[in-house]
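# Notes for the structure review
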There are 2 protein chains.
Amino acid sequence: MNAPVTNLDGADARRATKHATQISDQAAAQAPWAEEFPNSSRGFVEQDGLRVPFRAVAVTGEAPVRLYDTTGPLDHDVRDGLPRLRQPWIDARRGDATPTQLFYARQGIITPEMRFVAIRENVEPELVRAEIAAGRAILPANINHPESEPMIIGRRFLVKINANIGNSVVSSSIADEVEKLRWATRWGADTVMDLSTGRDIHQTREWIIRNSPVPIGTVPIYQCLEKVQGKAENLTLDLFLETLREQAEQGVDYFTIHAGVRLRYIPLTAKRVTGIVSRGGSIMAKWCLHHHKENFLYTGFEQICELLKKYDVSFSLGDGLRPGCNADANDAAQFGELETLGELTKIAWKHDCQVMIEGPGHVPMHLIKENMDRQLEVCHEAPFYTLGPLVTDIAPGYDHITSAIGAAMIGWYGTAMLCYVTPKEHLGLPDRDDVKAGVIAYKIAAHAADLAKGHPGARERDDALSRARFTFRWQDQFNLSLDPPTARSMHDETLPADAAKTAHFCSMCGPHFCSMSITDDVRKLAAAQGLSDEAAVAAGMEAKAAEFKAAGGELYRAT
Amino acid sequence: MNAPVTNLDGADARRATKHATQISDQAAAQAPWAEEFPNSSRGFVEQDGLRVPFRAVAVTGEAPVRLYDTTGPLDHDVRDGLPRLRQPWIDARRGDATPTQLFYARQGIITPEMRFVAIRENVEPELVRAEIAAGRAILPANINHPESEPMIIGRRFLVKINANIGNSVVSSSIADEVEKLRWATRWGADTVMDLSTGRDIHQTREWIIRNSPVPIGTVPIYQCLEKVQGKAENLTLDLFLETLREQAEQGVDYFTIHAGVRLRYIPLTAKRVTGIVSRGGSIMAKWCLHHHKENFLYTGFEQICELLKKYDVSFSLGDGLRPGCNADANDAAQFGELETLGELTKIAWKHDCQVMIEGPGHVPMHLIKENMDRQLEVCHEAPFYTLGPLVTDIAPGYDHITSAIGAAMIGWYGTAMLCYVTPKEHLGLPDRDDVKAGVIAYKIAAHAADLAKGHPGARERDDALSRARFTFRWQDQFNLSLDPPTARSMHDETLPADAAKTAHFCSMCGPHFCSMSITDDVRKLAAAQGLSDEAAVAAGMEAKAAEFKAAGGELYRAT
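Computed from a predicted model, the values in this text were never measured in an experiment.

Reading the values: the criteria
Residues numbered from 1 in each chain as written. Chains lettered and ligands numbered in written order. Predicted model: local features only at pLDDT ≥ 70, side-chain atom pairs only at ≥ 80, totals over all residues. Heavy atoms only, no water. Helix = DSSP H or I, 4+ residues; strand = E, 2+ residues; numbered from the N terminus. Contact = heavy atoms within 4.5 Å. Areas by Shrake-Rupley, 256 points an atom, 1.4 Å probe, with all protein chains shown as cover. Pairing = 2+ DSSP bridges. Axes fitted to C-alpha atoms, helices over the stretch in contact; angles between N-to-C directions. Core = buried A, V, L, I, M, F, W, Y, C linked by side-chain atoms within 4.5 Å. Buried < 20%, exposed > 50% of the residue type's maximum accessible area, 1.4 Å probe, protein only. Phe/Tyr/Trp six-rings, centres within 6.5 Å; stacked < 30°, edge-to-face > 60°. Lys NZ or Arg CZ within 6 Å of the ring centre and 35° of its normal. Salt bridge = Lys/Arg side-chain N within 4 Å of Asp/Glu carboxyl O. Parallel < 35°, antiparallel > 145°, perpendicular 65-115°, else oblique. Nonpolar A, V, L, I, M, F, W, Y, C, P; charged D, E, K, R; others polar.

Turning our attention to the overall build of chain A. Scanning chain A from N- to C-terminus turns up 21 helices and 14 strands. For chain A, the share of sequence-separated contacts (at least 6 apart) that also reach a separation of at least 24 residues comes to 74%. For chain A, the accessible surface area stands at approximately 17700 Å², while carbon and sulfur atoms represent 51% of it.

We now examine the sheet that holds strand β11 (residues 314-317) of chain A. Residue and element names in this part refer to chain A. The strand order around the closed barrel formed by eight strands is β7-β8-β9-β10-β11-β12-β13-β14, and the pairing between neighbours is parallel. Sheet twist, expressed as the mean angle between neighbouring strand axes with direction ignored, is 25°. With three bridges connecting them, β11 and strand β12 (residues 355-359) associate as parallel partners. Each bridged residue has a counterpart across the sheet, and for Leu 317 the counterpart in β12 is Ile 357. Along the sheet, helix α13 (residues 332-350) makes contact with β11 and β12, crossing β12 at roughly 165°.

Before going further, it helps to examine the nonpolar core. Within the largest apolar cluster, 262 residues are counted, with the highest numbers of intra-cluster contacts made by Leu 235 and Phe 315 of chain A together with Leu 235 and Phe 315 of chain B. For Phe 315 of chain B, the contacting residues outside a window of four places in its chain are Phe 255, Ile 257, Phe 301, Ile 304, Cys 305, Leu 308, Ala 348, Cys 353, Gln 354, Val 355 and Met 356 of chain B.

Looking now at the environment of Pro 83 of chain A. All names here are of chain A. Secondary-structure assignment places Pro 83 in the loop between β4 (62-67) and α2 (87-92). Given a relative accessible area of 19%, Pro 83 falls into the buried group. Sequence separation between Pro 83 and Thr 111 is 28 residues; the distance between their C-alpha atoms is 20 Å.

Time to look at the pairing of strand β4 (residues 62-67) of chain B. All names here are of chain B. Alignment of strand β3 (residues 50-59) against β4, held across four bridges, turns out to be antiparallel. Residue Val 59 lies in a different strand from β4, and its bridge partner there is Glu 62. Between β3 and β4, which pair antiparallel and follow one another directly, the connecting turn spans two residues, one of which, Gly 61, has a positive phi of 70°.

Here the focus is the packing of aromatic side chains. Overall, the coordinates contain 22 aromatic pairs over all chains when judged by the stated rule. Considering the side-chain rings of Trp 183 of chain B and Trp 187 of chain B, the 5.7 Å spacing of their centres and the 85° angle between planes classify their relative orientation as edge-to-face. Of this pair, Trp 183 of chain B and Trp 187 of chain B both sit in helix α6 (residues 174-187), separated by four residues, roughly a single helical turn. Overall, Trp 183 of chain B belongs to the buried group, its relative accessible area being 5%. We classify Trp 187 of chain B as buried; its relative accessible area is 4%. Counting every residue linked through ring pairs, the aromatic cluster contains Trp 33, Phe 37, Trp 183 and Trp 187 of chain A. Above the face of the Phe 54 of chain A ring, Arg 66 of chain A is positioned so that its terminal group lies 4.1 Å from the ring centre.

All names here are of chain B. Inspection of the entire model under this criterion finds 77 salt bridges over all chains. Of the charged contacts, one joins Asp 77 and Arg 79 as a salt bridge, the two residues approaching to 3.1 Å between their closest N and O atoms. With relative accessibility at 25%, the residue Asp 77 sits in the partly exposed group. Since its relative accessible area comes to 26%, Arg 79 is described here as partly exposed.

Right, let's get into the packing of helix α7 (residues 201-210) of chain A against helix α9 (residues 237-250) of chain A. Residues and elements named next belong to chain A. One way to put it is that α7 packs onto α9 with a least axis distance of 10 Å and a crossing angle of 30°. In terms of orientation, α7 lies roughly parallel with respect to α9. Residues His 202, Arg 205, Glu 206, Ile 209 and Arg 210 of α7 form the contact with α9, whose participating residues are Glu 246, Gln 247 and Gln 250. Per-class residue counts for the contact of α7 with α9 are one nonpolar, three polar and four charged.

Structural measurements only, silent on function.
Here you go:
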């Protein structure tokens, strides 16, 4: 990636939206980006007419570390919305009947979106095309969401994370939700799902999409249920299609659709400890039982495909029967539905629609791998998108942790995107701090998975941070971390002085016990004497010991 | 376990200690236990003259859930120390030359400590004896720490966690450390290591041991280094043995001893990214290089065994060459040292000393299992005791999470005890909140491992909590969680009213979207009609749909 790099100018043309007066100024109340990421700069790889954003962290005495960045354009007013990056590419394809990335990939066409992704992921464009063509990856990119910066979800690429936002009847405002969107992408959310179920559902979504540099997902059945005043039995396929059209027109990039909740599976949940815990799943179960009919999302699936392909909205086939506790993991209902999702995947692919598959949920560690293996098999390697899984049920208040454990593991096994869980899971709606805690926990899980998969270059950031740690470059250590302000403030608590940030020790051990300091001298001595193999040791250690003593024998640095 | 149960009377005889005036009252400033664990009570299984503590959580409409409890006696004054539970058993063995649990186990003797552990773990006493006799488990129980409640560390038993406390020259007081001890055991620490390196090291330890219901571990080389004013080259085996004796006399239950840092391994660390990161390891490396001699802990190991067996202090063979970053994981230095630890294990066993083996550190997920497999092989199945491991290096401030991921996995693979990591790791000394955050993260990891191993009864708490969640018994859900006050306060943030604690919905979905509520009715319907297999479904769904409609067809509960 030797393309020229320019700094962000932040002065893209702005455009007015029709909602300009309704959003409050409080949504712009975040701390300046540069304060939260000291010594970082945003730049672009400029190549073949593309400008692909990244973040570069300056490091003392070393090359900057370049990071994948989901922040999107800085310094824009939320009332203006983001610049329409993809508009020219979309316009150039205007008139195509099936403007999906899958359609183009299958034709052998590498779209600008695919080239953008290839630069972003540091891979060949042909790999991007081939993985999309095979259905092993998706590039969610509604033609009506030109503000999005293209990204890819597939197991040959970096593991992605999703953050859920959205109001409910009891809480939250539009401004809060836009604020959460920007906050989530600042800390690293690769996609955001708007799960609003409360007031102003259409308008909230409009604000979110116009301000989102990442793909937006929704669960359209929630809005459908609003339209029938909460009476699930009054839902119809026509109403559903009308709602999909409304949301697709706005620019939603992927839809969770619970088409796998077939009538026959519902009784299989009866003896579960926690039955059906998916909202969409329970709505469809109610409809099926009431009418004693097959799920209309299943019977009407081809019509849904016809609609989605016109906008290139990707399917996120919902796991309406996912387990809600460890006791229910990997049961007949869950795996039955998974098989149906595999069947639907093939139908969607027939229509050139992009597809990913949603997965659980609550699963003890020893049952996680079976989820991944079965999904790859019965869903024909379509990308897997899991919620956690949570590896125990006993820690409400800490489910970002119980689920990050399962998420890291299933990411390693091959899951392409991890849906975050916040500390408030099971307890309440996440606030700003909860969103950040969830995103950071999932950046940890996704990155741990990238490391375990041996993703090229994934360890560069770890190694740069570890070198900084070893040589007491505290500021570099903070700046390279996932959350620089938190790392710095924790260091401040015991050693607040600025001088401590250059000290060759820390409060854990104090100046006389520092193993890092000792080992640095061990290393210098050994390296100078070629002590890197055992033969050398056996031959020469006696001499070296004398030399070591002659040199003063003091391995502690003077501090 | 049908033994009679009594409530805690809290009125054990108290005894004075010689340090009565020196500890401040602030150490007793914790919230009352009953406030933090509502609807919990402490009780005892009384059986064969033993009184084995547990915690019982009362649950609405169900049997209480009985939990392993590490809190120790409540309501005692830290200036008095804890009651000397084990004193009569120790006195009865007075005069034995080798009063170690391993010695007795090998003789076929089931000690009161073993019986106590068997009741606590809900297993047969013979299993406890056999696992100790085989070296696969240890029961750390210095004859001079009669205050401890016996516990066992081995992979056939519940996975345990250790919390580190201890002051350093730059921070903390004795009162703070005793407070941290009580705080850590309240939240579930199974052992505590006192890693003090600062002032008053002997006295701090005395206070900690006299007030500890759990085994206490130390790293004696730290105190040795204080005695030689920080000059590692002045360390001697005699000084070390003298320090071991001092600490063994006080009642330390296990010693970390870095006897595996052999001269030949030191050069293998020269090309590492972070060299030697263990304090004890670096101290011994410095000594070895200075003298160009083999580590005196290795050459003097049999003398150390002779001393430890007199007190039944267990070995925790230290991994002085553990990796300090992902780049250094599983390298020649680390695995070389591990082989030496295996060799030393056999020597310790020859002396009837109990042994566990310390492990890493920083290890990416795909390299974790190799650590466990090799340890079992080369250390002859002695219990493994690991620090994390941390699965990525990029998250200072969140290393309780990066390490809980690795800890859960290695616990599943067979590690017997997990050494906690707090959010302050790499940044500063943990305070009270950090200790709690570390303990909770590790209770999650250990419990997740117990579930994955299929430990008998481990899922009872998960299932009880999940049933409470499903039926909207909010208080039961909080009370059964690892941290009831946090779970409750998070629920309060969006739905503060007491009425909301009995509501059949929560702020996530609001009253009209509740999947739990829907599925409850699905279940009732299905169960009533015998819909639990597909044949029944095919035969009878038409009739049931009619019935469902006739019954009102409203699956949402009235709220």
